[in-house]
Every structure is written in C-alpha cells, then in structure tokens.
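Reading the structure
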Amino acid sequence: MITEETRRLSYEEIKPKRPVRYDQIIYILRNNPEGMTAKEIAVELYNLKLIPSTERNFVSPRLTELVKKEKVRVVGERVCKYTNRKVAVFQAI
C-alpha cells in the first residue's frame, strides 16, 4: 500500500513538468537536425540550466513518450561520445 501511494505521489509531482520537458527536448532536437542521443540531450539541457545534472534519465522516459506520440523518431544508432556505448539517435519529426 505504501509503495503504491508513494508511486502515485511521485507521478502526480512530475505530471505538470512533462509537457514542459517535451517542449525542451523537441527544441534541442530541432536545433540539432542530425539527431542526438538521450545523453547528449541531457547534457544540452543541463548546460541550459534546465535540469540539475547530465543524467540521461531526466530525458529518456520523455523521449519514449514522444516516440509513442510520433513527435520524435529513432533514426539510427551510434556510439555515444559520453558513455562510449552504442545507443539510439533521436530526431524531431
């Protein structure tokens, strides 16, 4: 019961921020038409002081949602310059 309640409270806290984060991600991707990884987007948002760290988890869930909403698409994969791992590259539609 407690975990369900805390999960719901966390969701309610983040819910108003989601549309703002969507707009921020789309803005970043439109200014980088070649596409970007989740980590690269996170670094850009951090540099703009829009998120508190470069952690990709600030954008990754929103990217998944934006793909489902057909606002963003996966256009390939490449080795991320920050993580040195092969990851998805996203573009705004």
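Anything mentioned here points back to the structure above.
Values in this document were obtained by computation on a predicted structure and should not be read as measured data. (Residues numbered from 1 in each chain as written. Predicted model: local features only at pLDDT ≥ 70, side-chain atom pairs only at ≥ 80, totals over all residues. Heavy atoms only, no water.)

Quick word on the overall build of the chain
Convention followed: Here a helix means four or more residues in a row that DSSP labels H or I, a strand means two or more in a row labelled E, and each is numbered from the N terminus. In this description, contact between two residues means that some pair of their heavy atoms is separated by no more than 4.5 Å. Shrake-Rupley sampling with a 1.4 Å probe provides the accessible areas, and residues are treated as covered by the protein chains on show and by no other component.
Across its full length, the chain carries 4 helices and 2 strands. Relative to all contacts within the chain whose residues are 6 or more apart in sequence, the contacts with residues 24 or more apart total 45%. Counting only carbon and sulfur atoms, one obtains 51% of the accessible surface of the chain, whose full area is about 6,500 Å².

A short note on helix α3 (residues 38-47)
The condition is simple: Exposure classes here rest on a 1.4 Å probe applied to the protein chains alone. A residue is buried below 20% of its type maximum, exposed above 50%, and partly exposed in between.
The element α3 is largely enclosed, with a buried count of 7 among its 10 residues. Residues Ala-38, Lys-39, Glu-40, Ile-41, Ala-42, Val-43 and Leu-45 constitute the buried set of α3. Directly beyond the C-terminal end of α3, a positive phi value near 65 degrees is found at Lys-49.

Describing the pairing of strand β1 (residues 72-79)
This is how it is decided: One bridge is not enough; two strands pair if DSSP finds at least two bridges between them.
In the sheet, β1 pairs with strand β2 (residues 86-92) via 7 bridges, with the strands oriented antiparallel. Note that in β2 the partner of Val-74 across the bridge is Phe-90. Once β1 ends, the chain turns through 6 residues before running back antiparallel as β2, passing Asn-84 with a positive phi of about 60 degrees.

Observations concerning the nonpolar core
Using the following cut-off: In these notes, a set of buried Ala, Val, Leu, Ile, Met, Phe, Trp, Tyr and Cys residues joined through side-chain atoms within 4.5 Å is what counts as a nonpolar core.
Within the largest apolar cluster, 17 residues are counted, with the highest numbers of intra-cluster contacts made by Ile-25, Leu-29, Ile-41, Leu-45, Val-59, Leu-63 and Val-72. Going through the elements one at a time, α2 (18-30), α3, α4 (60-68) and β2 are the ones with two or more residues in this core. The biggest single contributor to this core is α2, with 5 residues. When near neighbours in sequence (up to four residues on either side) are disregarded, Val-59 contacts Arg-21, Ile-25, Ala-38, Ile-41, Ala-42 and Leu-45.

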